[in-house]
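# An overview of the molecular structure
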Amino acid sequence: MNILIIPTNDWTRAAGAGHINSIAEELAARGHRVYAWNFDLYRNQPIKRLPRKVKLIKSKTLPLSDPAAFFTLNAFAMGPAVFKAIRKLEIDAVINENILCGLVAFFAAGTRALKVFDFSDYFPESASVYYRGSSEIVKKLVEGVSLAVTKLNIKFSDICVAVCQSLVKNAQNTDKTKPCYLVTNGVDTRSKPPAPKKDAAKNPNRSLVVMGVIDDWLDLETPLKALHKLNARYPDLKLVVIGPWQKPQFRRQFESQAASRGLEKHVEVTGYISSQHLKRRLTEASCCIMPYKLNSYFAAIRLPEKLFVYSAYGKPILSTRLPEVTALNTKHVFFYCNSDELADAADAVLSDHAHQENLSEKACAFAREHDFKVLAKTLEDILSRHLRRLRTPQQV
């Protein structure tokens, strides 16, 4: 197959990779010709990743720093170029994770290619994140436009894929006749081995790790309270927070709360760290935490990428009751509602190394089921099936 990806963001320079990026690279490794549209939104920033077997299509764009303005204006500008690329490259399927530019690609594809909408996020809420400092009117306008354009993407697609069951249902509510398939986030299990068991048994590195973009959608106060309870039994235990902080005031608030409880020496805030250092810190962790607040629609549909990353490292996971995670009925994820439940769950892992090893095996088994290779094969089967239908003459 010849596949064109319209990614959610800048493929090489954005802070995080999109849902489809790694799956697309595995499709390319399986022998398909995979192309990705190159958005140079962050053209003045250093390259964070290079495509693996995926060929980037570069086109002229207007140099705008505002994401909404960049994608809105460049969506119109890219129309002729994407029309030409689809025909020149004989594209069989357009997979779109960008609601503005991808919609233009759908129109350019016409009936020539299978049009696939990758419903990887609740775009109205994720788009408004960029405008949290703006007025409520601006945020509501951004959310309203994003919702309307998301529905258009669903309507004009031939099929949808979604990262969680809630978004599958969301797509089906928008268009009841639209085929929609679950293709979750995933992980490359080859590069993320579990912690060495011998080292863990002889000299345990007791740490609770929170990893990812750190923002106020996370409840870090509850882990702090749990840490305070646990330190009576585990005086060497640390809470390690890894990743970039979106708001300096949120970091200051967290550090102030740690100091008020006398936990400065038991809390480590690393900020952004290299992938090599991240690998070491996750390998050393006793267990990992997903401390999401549950007071938004975002939480109701969240199936975090870190669930799969933590699992690939063989880590027991302590999480708030995210509905999408709860529905998976995993054996290595334990849910908590307050600091006492979090402390009890952590204590059960910290106090029993054999139990920790057993949980590690279950975590790795879960990760293997969601390896990017597995997800790529799933998506390949979906595309092949619908391409055959698209090319089969309809009976009158």
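Calculation notes
Residues numbered from 1 in each chain as written. Predicted model: local features only at pLDDT ≥ 70, side-chain atom pairs only at ≥ 80, totals over all residues. Heavy atoms only, no water. Helix = DSSP H or I, 4+ residues; strand = E, 2+ residues; numbered from the N terminus. Rg over C-alpha atoms; globule rule 2.2 N^0.38 Å. Buried < 20%, exposed > 50% of the residue type's maximum accessible area, 1.4 Å probe, protein only. Lys, Arg positive; Asp, Glu negative; His and termini not counted. Charge placed at Lys NZ, Arg CZ, Asp CG, Glu CD. Pairing = 2+ DSSP bridges. Axes fitted to C-alpha atoms, helices over the stretch in contact; angles between N-to-C directions. Contact = heavy atoms within 4.5 Å. Parallel < 35°, antiparallel > 145°, perpendicular 65-115°, else oblique. Nonpolar A, V, L, I, M, F, W, Y, C, P; charged D, E, K, R; others polar. Right-handed = clockwise from strand over helix to strand, strands pointing away. Salt bridge = Lys/Arg side-chain N within 4 Å of Asp/Glu carboxyl O. Polar contact = N/O pair within 3.5 Å; in protein donor to acceptor, adjacent residues only side chain to side chain.

### Here's the deal with the overall build of the protein chain
When you go through the protein chain residue by residue, the secondary structure sums to 17 helices and 13 strands. Taking 21 Å as the expected radius of gyration for a compact globule of 396 residues, we find that the protein chain reaches 22 Å, a close match to that expectation. Overall, the C-alpha framework of the protein chain stretches about 70 × 45 × 40 Å when taken along its three principal axes. Each of the 396 residues in the protein chain was classed as buried or not, and the buried ones make up 52%. On the protein chain, the mean spot of the 56 positive side-chain charges and the mean spot of the 39 negative ones are 5 Å from each other.

### Let's talk about the sheet that holds strand S1 (residues 2–6)
Spatially, the 7 strands line up as an open sheet ordered S3-S2-S1-S4-S5-S6-S7, and their pairing is parallel. Bordering the open sheet on either side are strand S3 (55–58) and strand S7 (180–182), each of which pairs with just one other strand. Looking at each pair of strands side by side, their axes are set apart by 25 degrees on average, direction ignored. Where helix H17 (residues 372–391) meets the sheet, its contacts fall on S1, strand S4 (93–96), strand S5 (114–119), strand S6 (159–162) and S7, and the angle it forms with S5 comes to roughly 145 degrees.

### Things to note about the packing of helix H1 (residues 19–29) against H17
Two elements in contact, H1 and H17, have axes whose closest approach is 8 Å; the angle formed by their N-to-C orientations is 75 degrees. The pairing of H1 with H17 is recorded here as roughly perpendicular in orientation. Contact residues: Ile 20, Ser 22, Ile 23, Glu 26 and Leu 27 in H1; Phe 372, Lys 373, Leu 375, Ala 376, Leu 379 and Glu 380 in H17. Within the contact of H1 with H17, the residues separate by chemical class into 7 nonpolar, 1 polar and 3 charged.

### Focus: the pairing of strand S9 (residues 238–242)
Among the 5 residues of S9, 4 are classified as buried, and the element is accordingly described as predominantly covered. In terms of strand pairing, strand S8 (residues 207–211) meets S9 through 5 bridges, oriented parallel. Within S9, the residue paired with Val 209 across the bridge is Val 240. Crossover connection from S8 via helix H9 (residues 221–230) to parallel S9: handedness right-handed. In the sheet, S9 pairs with strand S10 (residues 267–271) via 4 bridges, with the strands oriented parallel. Following the sheet pairing, Val 240 is matched in S10 by Glu 268.

### Considering the sheet that holds strand S11 (residues 287–290)
As a general point, the strands of a sheet are linked pairwise by backbone hydrogen bonds and lie either parallel or antiparallel. What the 6 strands build is an open sheet, ordered S10-S9-S8-S11-S12-S13; its pairing is parallel. Both outer strands of the open sheet, S10 and strand S13 (333–335), are each paired with one neighbouring strand and no more. Looking at each pair of strands side by side, their axes are set apart by 25 degrees on average, direction ignored. Across 3 bridges, strand S12 (residues 317–319) lies against S13 in parallel orientation. Residue pairing for S13: Ser 319 is matched across the bridge by Phe 335. Against the sheet, helix H10 (residues 248–260) touches S9 and S10, its axis set at about 165 degrees to S10. Its contacts with the sheet put helix H11 (residues 275–284) on S8, S9, S10 and S11, and the angle it makes with S8 is roughly 135 degrees.

### Comments concerning the side chain of Glu 97
With respect to the secondary-structure elements, Glu 97 resides in the loop between S4 and helix H4 (101–109). Arg 49 is the oppositely charged side chain nearest to the buried, salt-bridge-free Glu 97, at an N-O distance of 11 Å. Of the polar contacts made by the side chain of Glu 97, one reaches the backbone nitrogen of His 19; its length is 3.1 Å. Among the polar contacts listed, one links the side chain of Glu 97 to the side chain of Ser 120, at a separation of 2.7 Å.

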